[in-house]
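These are the residues of each chain, in order.
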Amino acid sequence: MKIERIQYKNYRSIEESSIEACGNLNILVGKNNAGKSNLLKAVKSFFQYLDADNLVSVMSTRAAEQEIYTTGESREASATITITFLLDEKAATN
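Residues numbered from 1 in each chain as written. Predicted model: local features only at pLDDT ≥ 70, side-chain atom pairs only at ≥ 80, totals over all residues. Heavy atoms only, no water.

K.L.:
How do you make sense of the pairing of strand β1 (residues 2-11) when you look at a structure like this?
P.N.:
Along a regular strand, successive side chains alternate from one face of the sheet to the other. Across 7 bridges, β1 lies against strand β3 (residues 80-86) in antiparallel orientation. Considered in β3, the bridge of Lys2 is made with Leu86. The pairing of β1 with strand β2 (residues 14-20) spans 6 bridges and is classified as antiparallel. Its bridge partner lying in β2, Lys9 is registered against Glu16. Between the end of β1 and the start of β2, which pair antiparallel, lie 2 residues, with Arg12 showing a positive phi angle near 50°. (Pairing = 2+ DSSP bridges. Helix = DSSP H or I, 4+ residues; strand = E, 2+ residues; numbered from the N terminus.)

Below is the structure:
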C-alpha cells in the first residue's frame, strides 16, 4: 500500500493544497515558509489521530486550534486532511 494523494485544507498556514502521484520516494523542495513542513505535519496528524476517540479529544484542545488556518472570524474553524491510498495487487488479494 502506498499513498497516492494527500489533500489538506485550513491546516496551519495553508488554506488549501494537495500533492498527487506520490511515488516510492518523494522530495519536497521549496522556499522557507512555503508549507513543506505543514505537509509532513498533516500526514503525521492524520496517522496519529486516525482513531476517532483521539481525534475528538485532540480537536478540543487549545493547541489544536493553532493548527487550523483561518483568514477571519467568519470562517468555520475546522481543518481537513484526506489521504488516498493505492493498494498493490498482493495486498488487494489477501
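Having put the structure on the table, let's press on.
K.L.:
Got a minute to help me understand helix α1 (residues 36-48) in this structure?
P.N.:
Given 3.6 residues per helical turn, the α-helix brings residues three or four places apart onto the same face. The end-to-end C-alpha separation of α1 is 19 Å, in line with the 18 Å expected for 13 residues at 1.5 Å each. Among the residues of α1, Asn38, Leu39, Ala42, Val43, Ser45 and Phe46 are the ones counted as buried. All buried residues of α1 fall inside an arc of 160° around its axis, so they share one side. Structural note: α1 exposes Leu40 and Lys44 on the side pointing more than 90 degrees away from its buried face. Looking at the buried positions of α1, the neighbouring elements they touch are β1, β2 and β3. (Expected span 1.5 Å × (residues − 1). Buried < 20%, exposed > 50% of the residue type's maximum accessible area, 1.4 Å probe, protein only. Arc of directions from axis to C-beta. Contact = heavy atoms within 4.5 Å.)

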